[in-house]
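# Survey of secondary and tertiary structure
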Amino acid sequence: MAISEGVKAESLASVMEGADIYLTLDQYGKNAPVPLRYLDEVKKINGVMRAVPRVLGRTYLGDRLAVVVGIPAGELPPSVECVEGKPFSSSGEAVIGVGLARHFNFSVGHAFMLGGTKGKMLKVTGLFKAESSIWASDLIFIPFEDASEIFKVDGLATDFLIYTRPGYTPAVAEALKKIEGASFRIQSKELVKQYFNKGFTLKGGIFTALYTVAFALAIPALLVSSGFGLSERRREIGVLKATGWQTSEVLEMVVFENLIISLTAAPLALLIAFLWLKGLNGLFIAQFFIAEIGLFPPFNVPARFLPIPAFLSFFFSLILTMVGSLYSSWRAAVIPPAEAMK
Amino acid sequence: METIIRTEKLSKLYNPGTSYEVKALWDIDLEIKKGHIAILSGPSGSGKTTLISLLGAIDRPTRGKVFLMGEELTAMSDVALSRIRRETIGFVFQSFNLIPRLSALDNVSFPLIPMGVSVTERHRRASELLHRFQMGERMRHTPEELSGGQQQRVAIARALINNPHIIIADEPTSNIDAESVRYLIETLQALKKEGRTIIISTHDQSLFNLADVIFDVKDGIITGMREFKQ
């Protein structure tokens with residue numbers, strides 16, 4: 001849950017830093033590349049500060065699937081800060097994320113070739129580190145023209161990033177709708193934010209579903225291990241009853257015991273999660289939440305520890321231990337003590 | 001002398017109505033007087049433990065009645081039976097049934113927990129009893145750190161913690177050495193002097209000298225009764 005929340009927070013931070021409007025063509029309700037011929041017309045709309053064409057694609061760099069962003073020189077997003085070298089200024093140059101650079105042992109001046117580019121060499125001019133560790137890790141920024149050539153989308157952009165003056169976004173969106181000859185798909189920052197939220201809610205839902213299955217399986221497992229399987233516990237309850245404890249008092253003690261166990265188990269679980277994420281960087285487990293990162297995450301796995309999941313970890317451990325022990329304890333307490341002690 | 005326990009046609013069947021039915025006890029009628037030491041004697045498997053469990057209100061009969069100080073135990077609810085076990089009866093089990101993870105002190109004091117007695121008072125009373133049975137130096141030890149005889153002393157102390165009228169001991173000499181048996185005999189005599197009623201199931205004849213009455217049990221029925229003037 002901490003990873004899920006961390007990824008969500010980073011994603012939303014990226015969206016908030018991004019363009020005010022993302023413009024693509026609408027093809028049967030899906031995003032389609034937008035012809036560059038519309039760029040000048042977009043730039044002329046009142047309220048538009050900047051319109052940046054972008055080509056996005058994925059290709060292999062060695063054994064790693066990398067995200068390639070083709071963008072005009074000088075238009076790198078502000079969050080992309082070169083920690084070594086400088087941004088690219090002409091064709092054949094590239095700026096790559098530190099995660100990727102570390103993986104391939106690249107440094108400034110290194111030349112490389114992307115998979116399927118038939119001899120197109122790119123030279124590293126800078127290494128960048130963005131606030132968002134996930135997206136920065138496998139990202140390569142190259143000049144727009146090089147990306148068009150690599151992905152064979154001459155005269156097209158995956159999308160236009162439109163930056164507007166404050167408060168002008170709705171008016172610009174209206175103006176974009178009126179451009180003749182094109183059916184645009186106009187996605188504002190707010191809309192993208194909603195997509196992210198919905199997407200993560202969906203992912204959260206899948207996680208919750210898996211958690212529920214594990215939870216449901218844990219209940220019978222606990223019943224077997226803590227109740228029916230352990231005659232020692234049954235014997236103890238028999239002794240308590242034989243010495244004058246009432247059934248309600250036995251159950252009261254079991255509830256109290258479980259409360260103590262849960263209060264101990266929940267902080268322990270949180271501590272283990274914290275150490276696993278911060279110390280071991282989500283080794284092994286992060287791959288279930290972030291696609292394609294493998295056993296050893298190549299970047300700092302984002303994680304946030306929020307009060308509600310912390311409370312839930314306590315609550316679920318309490319429910320689990322209660323369900324696991326209350327029923328079996330009750331069964332042992334309602335039979336004659338002599339039978340329970342056998 | 002006043003009767004403290006009486007049974008009427010007391011029977012206990014295991015798996016009744018099936019082909020595996022076992023008549024553990026059949027039509028037992030007995031009376032035990034207040035302040036007496038009563039011994040249930042018989043070979044293994046004769047039904048002594050079943051009978052003593054019914055007299056101690058830790059098991060329920062298939063049919064018949066048990067009266068304790070005039071009150072019918074067999075008609076009581078689970079809550080009422082717990083109250084009887086708490087206030088009137090102290091049980092010493094054959095295998096002692098101490099809780100392994102608790103110290104001798106806690107094993108003796110835990111019956112007081114549901115009575116709302118404070119920890120300090122619980123420990124004071126338990127410590128007093130353990131000292132009485134020469135277990136003062138061992139009261140922080142867990143059962144596995146104690147010998148059979150020492151475990152039995154802890155079990156006797158636990159049986160006495162609520163100051164019960166009746167002490168019931170199931171085969172008390174079966175898991176202890178000869179010296180511990182001598183100590184047990186002295187303890188039982190001392191408890192009798194305090195006016196407590198003691199019921200013992202045993203086939204150990206060394207205890208017979210203590211008895212006011214011996215009931216011979218065989219194949220689930222009482223085959224004889226011997227009374228002695230102590």
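Reference entry: report on the structure contained in this document. (Residues numbered from 1 in each chain as written. Chains lettered and ligands numbered in written order. Predicted model: local features only at pLDDT ≥ 70, side-chain atom pairs only at ≥ 80, totals over all residues. Heavy atoms only, no water.)

### With respect to the side chain of Ser103 of chain B
Residue position: Ser103 of chain B is located in the loop between strand S7 (89-92) and helix H3 (104-109). With residues up to four places along the chain from it excluded, the contact list for Ser103 of chain B reads Met139, Arg140, His141 and Thr142 of chain B. (Helix = DSSP H or I, 4+ residues; strand = E, 2+ residues; numbered from the N terminus. Contact = heavy atoms within 4.5 Å.)

### Focus on the interface of chain A and chain B
Taken together, the contacts link 20 residues of chain A with 22 residues of chain B. Buried surface at the junction of chain A and chain B, summed over both partners, amounts to about 1800 Å²; 54% is from carbon and sulfur atoms. At the junction of chain A with chain B, the criterion picks out three salt bridges. A salt bridge links Glu236 of chain A to Arg101 of chain B; its shortest N-O distance comes to 2.4 Å. Counting the contacts that link chain A with chain B gives eleven residue pairs in polar contact (both at pLDDT 80 or more). At the level of secondary structure, the elements contributing two or more residues to the side of chain A that touches chain B comprise helix H8 (231-242), helix H9 (247-279) and helix H11 (337-340) of chain A. Tallying contributions element by element places H8 of chain A first for the side of chain A that touches chain B, with eight residues. (Buried area = accessible area lost by both parts, 1.4 Å probe. Salt bridge = Lys/Arg side-chain N within 4 Å of Asp/Glu carboxyl O. Polar contact = N/O pair within 3.5 Å; in protein donor to acceptor, adjacent residues only side chain to side chain.)

### Focus: the side chain of Asp159 of chain A
Residues and elements named next belong to chain A. Mapped onto the secondary structure, Asp159 falls in strand S12 (residues 159-164). Residue classification places Asp159 among the buried positions, given a relative accessible area of 7%. A distance of 2.8 Å separates polar atoms of two side chains, one belonging to Asp159 and the other to Arg54. Apart from the residues lying within four places of it in its own chain, the contact partners of Asp159 are Tyr22, Leu23, Thr24, Val34, Val52, Pro53 and Arg54. (Buried < 20%, exposed > 50% of the residue type's maximum accessible area, 1.4 Å probe, protein only.)

### Re helix H1 (residues 48-55) of chain B
Of all eight residues in H1 of chain B, seven are buried, a share of seventy percent or more. Positive phi shows up at Ala57 of chain B, right after H1 of chain B, with a value of about 60°.

### Regarding unusual backbone geometry
All names here are of chain B. For Asn163, which is not glycine, the phi dihedral falls at a positive 55°. Mapped onto the elements of the fold, Asn163 is located in the loop between helix H5 (148-160) and strand S8 (166-170). Asn163 gets classed as exposed once you look at its relative accessible area, which sits at 53%. Phi at Glu171 is positive, roughly 45°, even though this residue is not glycine. Position of Glu171 relative to the elements: it lies in the loop between S8 and helix H6 (178-193). You can call Glu171 buried: its relative accessible area is 7%.

### Here's the deal with empty space enclosed by the protein
In the structure shown here, the tally under the stated rule is three cavities of 30 Å³ or more. In this structure, the largest cavity occupies an estimated 110 Å³ of space. In this structure, the largest cavity is lined by 14 residues; those nearest its centre are Thr243 of chain A together with Arg85, Ile89, Gly90 and Phe91 of chain B. Residue assignment for the lining of the largest cavity shows that the elements contributing at least two residues are helix H2 (78-87), S7 and H5 of chain B. Looking at the lining of the largest cavity element by element, the count peaks at three residues for S7 of chain B. Counted by class, the lining of the largest cavity contains seven nonpolar, four polar and three charged residues. The space that makes up the second largest cavity amounts to roughly 50 Å³. (1 Å grid on protein atoms, 1.4 Å probe; cavity = no way out; pocket = protein on both sides within 12 Å on 5 of 7 lines; lining within 4 Å. Points joined across faces, edges and corners; volume = space filled by probe spheres on them. Nonpolar A, V, L, I, M, F, W, Y, C, P; charged D, E, K, R; others polar.)

### What to know about the packing of aromatic side chains
Residues and elements named next belong to chain A. Tallied over the full model, the rule gives seven aromatic pairs over all chains. Centre to centre, the rings of Phe106 and Phe112 are 5.5 Å apart; their planes meet at 25°, and the pair counts as stacked. Note on Phe106: relative accessible area 13%, which makes it buried. Among the residues examined, Phe112 registers a relative accessible area of 4% and is labelled buried. Consider the rings of Phe128 and Phe141, whose centres lie 5.4 Å apart with planes at 65°: the pair is edge-to-face. (Phe/Tyr/Trp six-rings, centres within 6.5 Å; stacked < 30°, edge-to-face > 60°.)

### Quick notes on the packing of H8 of chain A against helix H10 (residues 307-334) of chain A
Residues and elements named next belong to chain A. Relative to each other, H8 and H10 sit at 45°, their axes nearing to 9 Å. Here H10 runs oblique to H8, going by the angle between their axes. Seen from above, H8 lies across H10 with right-handed handedness. The segment H8 lies against H10, with Arg234, Ile237 and Lys241 engaging Ser329, Ala332 and Ala333. Each residue belonging to the contact of H8 with H10 can be placed in one class, and the counts come to three nonpolar, one polar and two charged. (Axes fitted to C-alpha atoms, helices over the stretch in contact; angles between N-to-C directions. Parallel < 35°, antiparallel > 145°, perpendicular 65-115°, else oblique. Left-handed = near helix turned anticlockwise from the far one by under 90°.)

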